[in-house]
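Listed below are the residues making up each chain.
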Amino acid sequence: MTRSLNGKVAVVTGAGSGIGRAIAIRLAEDKAGIAVWDINGEAAKETAAMIREQGGTALAQTLDCSDKDAISREAEITRRELGTPAILVNNAGIGPFRKFLETDDDLFDQIIRINQRGPWLMTKEFLPAMLEAGWGRVINITSSSVQSGSPAQSAYVSSKGGLLGMTKALALEFAASGVTFNVIPPGAIDTPMLRKEVPIDMEVYARTLPMKRLGKPEDIAGAAAYLASEEAGYVTGQTISTNGGRYMGSH
């Protein structure tokens, strides 16, 4: 793939570990400057250090990516230190397993706030400059559970399903603007969050998948790199399913 992101700035949320870290590193390899946003400040610093060690440009920033005031504050720092972001990857999220009747309403609200309202606020912050420039990429990380359902994750699937719907609506609203909106729903990706939250033996589960293995964060990063590139300029409102064959539907 053409390394086409030289001079572009990307904001990647939840980039302190797992999928977000892999995406941040990959976009840096494609020559973008990276704003590493994460609620875990030490993890964000680790990712930024990894990027800089490889010759890239990165800025670590600590915030709750669903806090409107924090987003505005940190966005100004990003613009001052790196430049105006043209790429936004909404990856930060939580995915606890709770049976529906055992899901506390406050937990539901928290999941919606982080997984759905957060990307809404992030997009509002960065979209105007993309529209002014006539070029932008918004990549939303959802979940294959939106496509297939997932027991004991009704709140999580609700939040990610809402993010999918928002992506499609924005893709249509801004289709002629030069800004694209797309979704990556990961399958079972071997990350610290997956190991922590999923209440089953992941090695056993991996053998039930068509590819007989869990995905790697780098698998998602490759899809994100494509959607962020110049080559994906005619791709919007699309779902790039990256799941090892777990789900083969069209949505």
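Scope of this entry: the structure provided in the associated data block. (Residues numbered from 1 in each chain as written. Predicted model: local features only at pLDDT ≥ 70, side-chain atom pairs only at ≥ 80, totals over all residues. Heavy atoms only, no water.)

Let's talk about the pairing of strand 1 (residues 9–13)
As a general feature of sheets, a regular strand has side chains that alternate between the two faces. For clarity, the threshold we go by: Remark: exposure states derive from per-residue accessible area (1.4 Å probe, protein chains only) relative to the maximum for the residue type, with buried under 20%, exposed over 50%, and partly exposed in between. The secondary structure listing takes helices from DSSP runs of H or I that are at least 4 residues long and strands from runs of E that are at least 2 residues long, numbered from the N terminus. Note: two strands are recorded as paired if DSSP finds a minimum of 2 bridges between them.
Among the five residues that make up strand 1, five are buried, leaving the element largely enclosed by the rest of the structure. Where strand 1 meets strand 2 (residues 33–38), five bridges bridge the pair, whose relative direction is parallel. Paired with alanine 10 across the strands is isoleucine 34, a residue of strand 2. Alignment of strand 1 against strand 4 (residues 87–90), held across three bridges, turns out to be parallel. Among the inter-strand pairings, valine 12 is bridged to a residue of strand 4, identified as valine 89.

A word on unusual backbone geometry
Residues other than glycine predominantly adopt negative phi, and peptide bonds predominantly adopt the trans conformation. The backbone phi angle of lysine 31 is positive, close to 80 degrees, even though this residue is not glycine. Among the secondary structure elements, lysine 31 is positioned in the loop between helix 1 (18–29) and strand 2. Within the chain, alanine 152 stands out as a residue other than glycine whose phi angle is a positive 65 degrees. Along the polypeptide, alanine 152 turns up in the loop between helix 5 (145–148) and helix 6 (154–173). Given the relative accessible area of 28%, alanine 152 is considered partly exposed.

Details of helix 2 (residues 41–53)
We apply this condition: Expected helix span is given by 1.5 Å per residue-to-residue step, counting one fewer step than there are residues. Note that the arc is defined by the directions from the helix axis to the C-beta atoms. Residues count as neighbours in contact if any of their non-hydrogen atoms are within 4.5 Å of one another. Here a polar contact is recorded for every N or O atom pair within 3.5 Å, except that within protein the pair must consist of a potential hydrogen donor and a potential acceptor, and residues adjacent in sequence are included only if both atoms are side-chain atoms.
Taking 1.5 Å as the rise per residue, helix 2 with 13 residues should run 18 Å; its terminal C-alpha atoms sit 18 Å apart, in good agreement. Within helix 2, burial applies to Gly41, Ala43, Ala44, Thr47, Ala48 and Ile51. The buried side chains of helix 2 occupy one side of the element, clustering within an arc of 165 degrees when seen end-on. Of the exposed residues in helix 2, those oriented more than 90 degrees away from the buried face are Glu42 and Glu53. Taken together, the buried residues of helix 2 touch helix 1, strand 2 and strand 3 (58–62). Residue asparagine 40 occupies the N-cap position of helix 2, its side-chain oxygen lying 3.2 Å from the main-chain nitrogen of glutamate 42. Backbone geometry just after helix 2 places glycine 55 at a positive phi near 90 degrees.

Observations regarding the sheet that holds strand 4
This is how it is decided: What counts as an axis is a line fitted to C-alpha atoms, over the stretch in contact for a helix, and the angles between N-to-C directions run from 0 to 180 degrees.
The strand order across the open sheet formed by six strands is 3-2-1-4-5-6, and the pairing between neighbours is parallel. With one partner strand each, in any of the chains shown, strand 3 and strand 6 (179–184) form the two edges of the open sheet. Put simply, the sheet's adjacent strands are angled 15 degrees from each other on average, direction ignored. Its contacts with the sheet put helix 2 on strand 2 and strand 3, and the angle it makes with strand 3 is roughly 175 degrees.

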